[in-house]
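Listed here are the chains, written in short residue letters.
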Amino acid sequence: MVDCRLVFGCLIDEYSNERVLSDVDPYTVETLQLLAPGVSSKDRTTVKGLVYSGEVFLNFIESERALIWKRLKRIEGIIPSLYTFFKDLWYLELCVNCIKRLITPSRSFLTIRTAMRAAFMSFDPTYAQFLI
């Protein structure tokens, strides 16, 4: 299972600070997931109340919660959930497996990225268009 602290670490913009990451609790993650405070006035009101009341991010002092709210309200999409994270990961894994079957890394092209770039680019450096 993915640690909820990593998911919310980037939302509070303190992922390098271990104390901050350890203070993000599972209740906060569950309560805020799938809300969109940056685009929904209803969600904005809800999230702002939860943050300022200390119901979420309860291990943070008031000034830290104010900074967290400033970042949360700028999110122009939904706050991710662990469920959607795993669903996205599953989907992307299927895509990666297909690409790996189509493009095989070699000694010249060690990664999928370099192998794909070589497969779709001309070997003539003066001709910088993709071959399709």
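Residues numbered from 1 in each chain as written. Predicted model: local features only at pLDDT ≥ 70, side-chain atom pairs only at ≥ 80, totals over all residues. Heavy atoms only, no water.

(A) Just the packing of helix α4 (residues 41-53) against helix α5 (residues 62-72), in detail. For the pair α4 and α5, the least separation of the axes is 9 Å and the interaxial angle reads 160 degrees. By the angle class used here, α4 and α5 are roughly antiparallel. Crossing hand, α4 versus α5: right-handed. On α5, the residues that touch Arg44, Val47, Lys48, Val51 and Tyr52 of α4 are Arg65, Ala66, Trp69 and Leu72. Here the residues of the contact of α4 with α5 sort into six nonpolar, no polar and three charged. (Axes fitted to C-alpha atoms, helices over the stretch in contact; angles between N-to-C directions. Helix = DSSP H or I, 4+ residues; strand = E, 2+ residues; numbered from the N terminus. Parallel < 35°, antiparallel > 145°, perpendicular 65-115°, else oblique. Left-handed = near helix turned anticlockwise from the far one by under 90°. Contact = heavy atoms within 4.5 Å. Nonpolar A, V, L, I, M, F, W, Y, C, P; charged D, E, K, R; others polar.)

(B) Focus on the confidence of the model for the protein. With 75% of its residues at a pLDDT of at least 70, the protein reaches an overall mean of 77. Mean pLDDT values over the elements of the protein span from 52, in helix α1 (residues 4-9), up to 96, in α4. (pLDDT = per-residue confidence, 0-100.)

(C) Region of the structure containing the packing of aromatic side chains. For the structure shown, the criterion picks out one aromatic pair. Their ring planes at 75 degrees and their centres at 5.7 Å tell us that Phe57 and Phe60 sit as a pair that is edge-to-face. Phe60 gets classed as buried once you look at its relative accessible area, which sits at 5%. (Phe/Tyr/Trp six-rings, centres within 6.5 Å; stacked < 30°, edge-to-face > 60°. Buried < 20%, exposed > 50% of the residue type's maximum accessible area, 1.4 Å probe, protein only.)

(D) Just the side chain of Asp43, in detail. Note that Asp43 resides in helix α4. Buried and unpaired, Asp43 has no salt bridge, with Lys42 as the nearest side chain of opposite charge at 6.0 Å. What Asp43 contacts, discounting residues up to four positions off in sequence, is Leu35, Ala36 and Pro37. (Lys, Arg positive; Asp, Glu negative; His and termini not counted. Salt bridge = Lys/Arg side-chain N within 4 Å of Asp/Glu carboxyl O.)

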